Structures are given as structure tokens and as C-alpha cells.
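Close look at the chain arrangement
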Amino acid sequence: MEPSNDDTVEVRPAVADALALLGSAVGALTAADLEVLTARAQLDAVEALEAVRRRLDHATDRLDQSGAFGVDGHRSAKAAIKARCRVTGPEAHGRIRTARVLRRMPAVDVADARGDIPTESVRAIARTLSNPRVAAFASLVDEVFAEQAVAQTPEAFRAWLRDWERVADVDGAERTAEANHERRTATLLENSIDSSWSLRAGTGALQGAAMAEIFARFEDAEFEKDWRAARDIHGDDTRVEHLVRSPAQRRADALFAIFRRAAAMPEGAREPQPLVNIVADADTFRESLMRAAGVPSVAADPTDIESRRCQTVGGTRLTPAEVLAAALHGHVRRVIVDGASTVIDLGRRRRLFTGCSRDAALLQSVLRNRDRLRCDWEGCDAPSHRIQVDHEIEWNDCGRTDIANARTLCGGHNLAKHHLVRSGQDPGQLWHVRRPE
């Protein structure tokens, strides 16, 4: 039914007034000098602004439902948003898709309207539920999705979503993994103009995870070379700015070192042991064995995946079939955990773990952090291969060298913790710290 003139008169001024107030507020905030605030006040202001920005993201892009996009001759809401808002096609598509998903998930919609969920996490939900094989579960997982999206960082929540999708759509995940492996490729091309070379490659998850671990070790070796050279000149004042090569240059030299090492290996020589650890829960591992043997198994409950694990320590998500293949070939160390996240099987490489407190602490960190092995410092995104293991209660303070007293931190935060005060763990097992004052 067409709105009456009275309705039009009432609605338009209200929207116009709201937009005018919003513009005035943004202008006042832009003119404000935030640098006069204390460091703590500046951080609080950034956090408050982020909550407001999320609420603004939520309050847009409902054109597909109203049909208003047709007024200017646009054939879809996506086309209207792309033209009127001057955004890219993928961005417009993401907004429309998100709005459609939120209409089917009231709990997520309410939390998003409050600004409690990062926009990236809301978009990740929309991308996941665009899979038609799992879209039917939307109403069943609405409250669970809202709870997890509010509690977790965007990175951890995306990892949680990937795990959920794998459980909800086992066959689809297996087909995708197989297709990725079949499409593996590598090309080394010379530029005929300047004689430079470029390398492009693509692999499946398991093969790529092994290559990434090896590549990281060689990259670390190149970094140590630069660091030692810089220390010879600058001593204890050495900083990363003193290193002679950029990170990109070190990665290129690390790749060349891998090629040289491979060329130098004698024919028939024994290959080095792989460095990849795979963590899987016992139910997933058992179900993959049953599927491989052709034995029917009960489908996993997609609303309860907290005990489900199927990934490398570095965070690469794998399918149960890939974990089973790794276990049968024995090329990758596997770590099977029970529902309480307790290690129950270490595979054929047991000697590499037995008595090794460092490996045990790193594995326990993976169980604490859903997405990958990471620094326990909240917000730190240091790569997995740069993580160190240290005591929570220092050795000099009678701290024990065991998993219960182990913390995994990057080098910088391992040093910083000595200047700050720990204030306990949150439900997500992250440590919160505060300044001594």
C-alpha cells in the first residue's frame, strides 16, 4: 500500500533530522583534539567510536526488501548501492547479502544493532550461510552464532565458522579440499623485458601447510643472519630498522635457499622429518576412519562443535579425510584430543613429544586459541613460528616448568610482561594485563 501524504510528512523530517544530527556529531568529533586526552582516554574513545561505527553499518542497505532501488531504473539493490554510494560491486553485494541473513537471524541482528559484533564477523556469518547446504541451519544456530561472534575476535570467530561449516557440510568440505588439491599448480616465469622472474603457485590445504612451515623456518634463518650482522654494529641498541634486508627480500632469499638445499641433496638421501602438527578430536578422527571403511556413521550435531578440532597448529583448516591421509602416510605428526581437550594420541612420532615440555605447551595453546597457535597477548597477531614458551610464574619465583605454568608469547610481549601486572584470564583464556600504576 502506498504511504499517505501524512506518513510521508512524518517520516522524512525525522530521517533528515537524524542525518543532520549525525553529521553535526561527526563534524564536532573531527574538530576535537583527541591528542590532549590521556593515553587511556584516547584508547577508550577509539573503542567507543568502533561501537558506533558498527551500529551505523547495521542501519543501512535494506533496499532489496523495500524495492526502492527501482525508482532510478536500477535492476537490483546491489546496482543501486553501487551507483549511489560509489562502492565496488563486491562491497555492495556483501551489504545486501548481510542484510538478508540478518532478517533470518534475530539474535545476531539484535547484537549487531547494539554494536556488540564486529562488522567483519557479521559479514563472515553472511558468507558462511550463503552456502545453500548449511543455510537451512540458520534458525538453529542463531543464538550460538550471536554468542560466539560477541565473545571472540574476528580472526577466531572466522576459524570457528570454518569448523562449524565443515561439521555441517562434511561432503561439501571434502569436495572442496579434493578440488583444491587437484588444481595445484606452480609456474616460474621470466619477464622478457627486464629478465626478472616471478613464481606463482597454488596447493591444497595439507600440502600448503607443510610448505608454509618449511618456508617459515628458512625465513627465520635469514632474519637471524641480518640480526647478527646488525648486532655486530649496533650492539644492544639494535632495532629492526638496522636490518639490511626488508622482510620481502628475506622471504625471496629464503625461497632461493630452499631451492639450493634441494639441489644439494644427494639422490636417494633420506628426506628430513616434516614439521607440521595436526590437531584433531577423537570423534572426528574415528568418523573419518568409518567413512573411509564405508561404515555408516551418525552425522555430527552442527549446533555443538566446541569439542571439534581438525587443523594444523598454524591454523590451516583440514578435512577429516586429509587428517586420515596424513595419519596413514605418517608424514605429518598428528595429535588426537578428547572432548576435554586432553591429548590421547601422539601418532608414530611419539619420541618427538615425550618429555618435551615446549611442544606440549605449544599444543595446549592451540587448544586455548581456536584459530591457531598465537601469542596469548590480546590482539597480538604475531605469526605462529615466532611464538615462544615461557613461565607464567617466573622460575626465580618458584614457578614450575609444566603445561599449567606455561604461556605462549611472541618475543616482544615476552619481554613486555615483565613491566606489567597480570590481572587474570577471561573465559576465552586470554590474559589481561595492566600498568603497575
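Residues numbered from 1 in each chain as written. Predicted model: local features only at pLDDT ≥ 70, side-chain atom pairs only at ≥ 80, totals over all residues. Heavy atoms only, no water.

Focus: the overall build of the chain
Rule in force here: Numbering of helices and strands runs from the N terminus; a helix is a DSSP stretch of H or I covering at least four residues, while a strand is a stretch of E covering at least two. Relative accessibility decides the category of a residue: with a 1.4 Å probe and only protein chains considered, values under 20% of the type maximum give buried, values over 50% give exposed, and everything between is partly exposed. Residue contacts follow a heavy-atom distance rule, with two residues in contact if any of their heavy atoms lie within 4.5 Å. Note on areas: Shrake-Rupley, 1.4 Å probe, and residue coverage restricted to the protein chains presented here.
Each helix and strand in the chain was counted, giving 16 helices and 10 strands. Taking all 437 residues of the chain together, the buried fraction comes to 34%. Expressed as a percentage of contacts within the chain between residues at least 6 apart in sequence, the contacts between residues at least 24 apart total 60%. With the model as given, the accessible surface of the chain reaches about 26500 Å², and the carbon-plus-sulfur share is 55%.

Remarks on a nonpolar patch on the surface
Here is the rule we go by: Patch definition: residues with relative accessible area over 30% and no salt bridge; like charges joined within 9 Å; nonpolar side chains (Val, Leu, Ile, Met, Phe, Trp, Tyr) joined within 5 Å. Definition used for salt bridges: Asp or Glu carboxyl oxygen within 4 Å of a side-chain nitrogen of Lys or Arg.
A cluster of nonpolar side chains, Val15, Leu19, Leu22, Val26, Val52 and Leu56, forms an exposed patch at the surface whose accessible area comes to about 490 Å². At the level of elements, α1 (5–31) and α2 (39–58) are the ones that each hand at least two residues to the nonpolar patch. Ranked by residues supplied to the nonpolar patch, first place goes to α1 with four residues. On the secondary structure map, Val15 appears in helix α1.

A look at the nonpolar core
For soluble globular proteins, nonpolar side chains are generally found buried alongside one another. How we decide: To qualify as a nonpolar core, a set must consist of buried Ala, Val, Leu, Ile, Met, Phe, Trp, Tyr and Cys residues joined through side-chain atoms within 4.5 Å.
Membership of the largest hydrophobic core comes to 24 residues, with the highest contact counts inside it found for Met105, Val108, Ile125, Leu129, Phe145 and Trp164. Ranked by residue count, the leading element in this core is helix α9 (residues 154–168), at six residues. The residues contacting Ile125, other than those within four sequence positions of it, are Val101, Met105, Val108, Phe145, Ala149, Phe157 and Leu161.

Here's the deal with unusual backbone geometry
With a phi angle near 55°, Arg86 is a residue other than glycine that sits in the positive phi range. Inspection of the secondary structure puts Arg86 in the loop between α4 (77–85) and α5 (89–104). For Arg86, a relative accessible area of 79% gives the class exposed. A positive phi angle is found at Ser195, which is not glycine, with a value near 65°.

A look at α9
How we decide: Multiplying 1.5 Å by the residue count of a helix minus one yields the expected span of that helix.
Relative to the 21 Å expected for 15 residues at 1.5 Å per residue, α9 spans 21 Å between its end C-alpha atoms, a close match to the ideal helical length. With 11 of its 15 residues buried, α9 lies for the most part within the structure. Residues of α9 that are buried: Pro154, Ala156, Phe157, Ala159, Trp160, Leu161, Asp163, Trp164, Arg166, Val167 and Ala168.

Examining the packing of aromatic side chains
Condition: When the centres of two rings from Phe, Tyr and Trp lie within 6.5 Å, Trp using its six-membered ring, the rings pair. Their planes under 30 degrees apart give stacked, over 60 give edge-to-face, and anything left gives tilted.
Counting across every chain of the model gives five aromatic pairs. With a centroid separation of 5.1 Å and an interplanar angle of 85°, the aromatic rings of Phe145 and Trp164 are classed as edge-to-face. Highlighted residues: Phe145 in helix α8 (residues 138–151) and Trp164 in helix α9, separated in sequence by 19 residues. One exposure class covers both Phe145 and Trp164, and it is buried. Ring geometry for Phe223 versus Trp227: centroids 5.9 Å apart, planes at 15°, classification stacked. Remark: Trp227 and Phe223 occur in helix α11 (residues 205–234); sequence separation between them is four residues, near one turn of the helix. One aromatic cluster is present, built from ring pairs that chain together Phe137, Phe145, Phe157, Trp160 and Trp164.

Some thoughts on the confidence of the model for the chain
Short version of the rule: Per residue, pLDDT measures the predictor's confidence, with a range of 0 to 100.
For the chain, per-residue confidence averages 78 on the pLDDT scale, and 74% of positions sit at 70 or higher. In this model residues 1–10 is a low-confidence stretch, pLDDT under 50, and it forms two contacts with partners more than four residues away in sequence or in other chains. Confidence drops under a pLDDT of 50 for residues 346–355, and excluding neighbours within four residues, the segment shows 21 contacts in the predicted structure.

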